[in-house]
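Observations on the three-dimensional arrangement
The chain contents come next:
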Amino acid sequence: MSVDEISGGIIIAIGVVNIVLSGKDRAYSAEILQRPVGIVAKYTPVGPLVATLLYNLIFGGIIAVAGSIYDFTVRNYAMSNQATFLQIEQGFVARQAVR
């Protein structure tokens, strides 16, 4: 195998990972509209975002890096509004307990 074939395989694998992660994020965004629970918990750890940014910087393309930067923007928003999200979550949980 040549270096080009190996690097091509790595790039394809990174692309598949990015597609899977974006699909999970899309599904989660639809879920929180119906069930706003766990938003702060999802965005508190920064490690997965850093790892995604790093492998996209090394192997990915501009669109993947832009997506990683967007993830940091969403995390910043969630952390900046942490009290509000936790209040919404508590209200939702309380309404579910009454049912």
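Parameters and conventions
- Residues numbered from 1 in each chain as written.
- Predicted model: local features only at pLDDT ≥ 70, side-chain atom pairs only at ≥ 80, totals over all residues.
- Heavy atoms only, no water.
- Helix = DSSP H or I, 4+ residues; strand = E, 2+ residues; numbered from the N terminus.
- Buried < 20%, exposed > 50% of the residue type's maximum accessible area, 1.4 Å probe, protein only.
- Contact = heavy atoms within 4.5 Å.
- Areas by Shrake-Rupley, 256 points an atom, 1.4 Å probe, with all protein chains shown as cover.
- Lys, Arg positive; Asp, Glu negative; His and termini not counted.
- Charge placed at Lys NZ, Arg CZ, Asp CG, Glu CD.
- Core = buried A, V, L, I, M, F, W, Y, C linked by side-chain atoms within 4.5 Å.
- Patch = residues over 30% accessible without salt bridge, like charges linked within 9 Å, V, L, I, M, F, W, Y side chains within 5 Å.
- Salt bridge = Lys/Arg side-chain N within 4 Å of Asp/Glu carboxyl O.
- Expected span 1.5 Å × (residues − 1).
- Arc of directions from axis to C-beta.
- Axes fitted to C-alpha atoms, helices over the stretch in contact; angles between N-to-C directions.
- Left-handed = near helix turned anticlockwise from the far one by under 90°.
- Nonpolar A, V, L, I, M, F, W, Y, C, P; charged D, E, K, R; others polar.

Considerations on the overall build of the protein
Along its length, the protein carries five helices and zero strands. Along the protein, from the amino end to the carboxyl end, the secondary structure elements read α-α-α-α-α. The principal-axis extent of the C-alpha atoms belonging to the protein is close to 65 × 25 × 20 Å. Residue burial in the protein is summarised as follows: out of 99 residues, 18% are buried. The long-range fraction of contacts in the protein, counting pairs at least 24 apart against all pairs at least 6 apart in sequence, stands at 67%. Summed over all atoms, the accessible surface of the protein reaches about 7100 Å², with 68% contributed by carbon and sulfur. One way to put it: in the protein the 7 positive side-chain charges average out to a point 16 Å from where the 6 negative ones average out.

Section: the nonpolar core
One finds Y28, I39, V40, Y43, A78 and F85 forming the largest nonpolar core, which totals six residues. Of all the elements, helix α2 (residues 39-43) adds the most residues to this core, at three residues. Residues contacting A78, with those up to four places away along its chain left out, are Y43 and F85.

Some points on a nonpolar patch on the surface
Taken together, the side chains of M1, I6, I10, I11, V46, V50, L54, L57, I58 and F59 make up a nonpolar region of the molecular surface, amounting to roughly 950 Å² of accessible area. Contributions of two or more residues to the nonpolar patch are made by α1 (3-34) and α3 (47-59). A per-element tally of the nonpolar patch places α3 first, with five residues. Mapped onto the elements, V50 comes out in helix α3.

Concerning the side chain of R75
By the secondary structure assignment, R75 is in helix α4 (residues 62-80). Summary of buried charges: R75 has no salt-bridge partner, and the nearest side chain of opposite charge, D71, is 10 Å away. With sequence-adjacent residues up to four places away left out, R75 is seen in contact with Y43, T44, P45, V46 and L49.

Topic: α3
Over its 13 residues, α3 extends 18 Å from the first C-alpha to the last, a length consistent with the 18 Å expected when each residue adds 1.5 Å. Of the positions making up α3, those classed as buried are L49, T52, Y55 and N56. Seen end-on, α3 carries its buried residues on one side only, within an arc spanning 140°. In α3, the exposed positions that point more than 90 degrees away from the buried face belong to L57 and I58. Each element contacted by the buried residues of α3 is listed here: α1 and α4.

Here's the deal with the packing of α1 against α3
Following both chains from N to C, one finds α1 and α3 inclined at 145°, their axes separated by 10 Å at the closest point. At the point where α1 passes α3, the crossing takes the left-handed sense. Only T52, Y55, N56 and F59 of α3 make contact with α1, whose side of the interface consists of I10, I11, I14, V17, N18 and L21. Looking at the contact of α1 with α3, its residues break down into seven nonpolar, three polar and no charged.

The values are spatial; any link to function lies outside them.
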